[in-house]
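Residue-level structural notes
Take a look at the letters that make up each chain.
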Amino acid sequence: LGIQGVPGNTYTLSIATETGVNYLSTPQQMPAPIAIQELQLLKDVELRPTSAGVLEEIPGIRATLELQDPPNERNFYLWNWKGTYEVITNPELATPTPKNCCRQCWLTESSQEINLYEDTFTDGKLIEDRELGFIAIDRRKLFNKYVLQVEQLAVTQEAYAFWSGINDQLSNVGSIFDPAPARLQGNVVNPADPNEQVLGFFMVAAKTVAQQALTSDQFALTAPDVEVVNNDCRLLENASTIRPDYY
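Let me begin by describing the structure that accompanies this report. Predicted model only: the values in this text are computed from it and were never measured. (Residues numbered from 1 in each chain as written. Predicted model: local features only at pLDDT ≥ 70, side-chain atom pairs only at ≥ 80, totals over all residues. Heavy atoms only, no water.)

A separate point is the overall build of the protein chain. Each helix and strand in the protein chain was counted, giving 2 helices and 14 strands. Along the first, second and third principal axes, the C-alpha set of the protein chain runs to 60 × 50 × 45 Å. The proportion of buried residues among the 247 residues of the protein chain is 38%. A distance of 7 Å separates the average location of the 17 positive side-chain charges in the protein chain from that of its 32 negative side-chain charges. (Helix = DSSP H or I, 4+ residues; strand = E, 2+ residues; numbered from the N terminus. Buried < 20%, exposed > 50% of the residue type's maximum accessible area, 1.4 Å probe, protein only. Lys, Arg positive; Asp, Glu negative; His and termini not counted. Charge placed at Lys NZ, Arg CZ, Asp CG, Glu CD.)

To continue, consider the sheet that holds strand β12 (residues 188-189). Read across the sheet, 3 strands follow the order β2-β3-β12 without closing on themselves; strand pairing throughout is antiparallel. Of all strands in the sheet, those with a lone pairing partner are β2 (14-16) and β12, marking the two edges. Sheet topology note: the strand β3 (residues 22-25)/β12 ladder contains 2 bridges and is antiparallel. Across the sheet, residue L24 finds its bridge partner in β12, namely V189. (Pairing = 2+ DSSP bridges.)

Time to look at the pattern of salt bridges. A complete count under the given rule lists 8 salt bridges for this structure. The residue R62 makes a salt bridge to E131 at a minimum N-O spacing of 2.7 Å. Placement of R62 in strand β6 (residues 55-68) and of E131 in strand β10 (residues 126-136) is noted, with a sequence separation of 69 residues between them. By relative accessible area, E131 is classed as partly exposed at 38%. Note that R234 is salt-bridged to D232, the shortest N-O span being 2.7 Å. (Salt bridge = Lys/Arg side-chain N within 4 Å of Asp/Glu carboxyl O.)

So, about the nonpolar core. Within the largest apolar cluster, 33 residues are counted, with the highest numbers of intra-cluster contacts made by W79, L132, Y146, L148, V150 and L214. Mapped by element, the contributors of at least two residues to this core are β5 (38-49), β6, β7 (76-88), β8 (104-110), β10, β11 (146-155) and β13 (206-214). When near neighbours in sequence (up to four residues on either side) are disregarded, L148 contacts L39, L41, A63, W81, K82, G83, I135, A210, Q211 and Q212. Counting 11 residues, the second-largest nonpolar core is a separate cluster that includes F76, V155, F162 and I166. (Core = buried A, V, L, I, M, F, W, Y, C linked by side-chain atoms within 4.5 Å. Contact = heavy atoms within 4.5 Å.)

Within the structure shown, the criterion is met by 2 disulfides. In this model C101 forms its disulfide with C102; the gap between the sulfur atoms is 1.6 Å. Residues C101 and C102 are joined by a disulfide whose S-S torsion is about 55 degrees; by sign, that bridge is right-handed. Sulfur-sulfur distance for the disulfide between C105 and C233 comes to 2.0 Å. Measuring handedness by torsion sign, the sulfur bridge of C105 and C233 sits at about 65 degrees and is right-handed. (Disulfide = S-S within 2.5 Å.)

Moving on to the environment of G165. Take G165: it is sitting in helix α1 (residues 157-171). The buried category is assigned to G165, whose relative accessible area is 16%. Linking G165 and E227, residues 62 residues apart in sequence, is a C-alpha distance of 40 Å.

Turning to unusual backbone geometry, a few remarks are in order. In this structure, P96 follows T95 across a cis peptide bond, with omega equal to 5 degrees. Looking at the element boundaries, P96 is found in the loop between β7 and β8. The amide bond that connects C101 to the next residue, C102, takes the cis arrangement and shows omega of 0 degrees. Along the polypeptide, C102 turns up in the loop between β7 and β8. Positive phi is not limited to glycine here, since N72 has a value of about 60 degrees. By secondary structure assignment, the location of N72 is in the loop between β6 and β7. A positive phi angle, close to 55 degrees, is found at D129, a residue other than glycine. Looking at the secondary structure, you find D129 in strand β10.

Listed below in structure tokens is the structure:
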């Protein structure tokens, strides 16, 4: 829902459907935010298989961060990231019919993995080189600049357990050694029918944001060429003609 809360306060979600059924979450106390001390972007390559099954070196950046874990308390983390870059296309050269719009867009890609951490073995310590992910880079992404924005969420132990369960199910590869999938237990119930299986989880979290811009001059990346787009830039995946406020 994107409602702004206050750390330390407790929140409960109440849902009333059009059919008169009411749902209620368990109370969730918002943790305190935890600062990101440093966001690092390191030049790297990653081996990825091509359509022919041959491994190919993909140039890019590996994003890591550093933070100071608060001492004498359990802390649970969830990280997301999104990267935004500007593209210029040639809609006037579109075939068979030239187009008047649009030439300038901003494309945003986001993390596709559930990145969790808990501080059982690092309570009160400096957490260094926590990996956020590898981001492939090409000349299109570095036409102007690539802005990486990282979102660090301090979550409850209950939320950590829920997302861990989702992550475990997504990580199963279909092997006979995979554990049997467990039913994910959310925190939303129907008070009038406690046996109803309700899907969903109401989460409160304290958010800390860090961002950094990457240009071709900073990293001197030998990024591969990309195809020139002679069409409306809005046809590109996750494209928008609205420039994000953080770009």
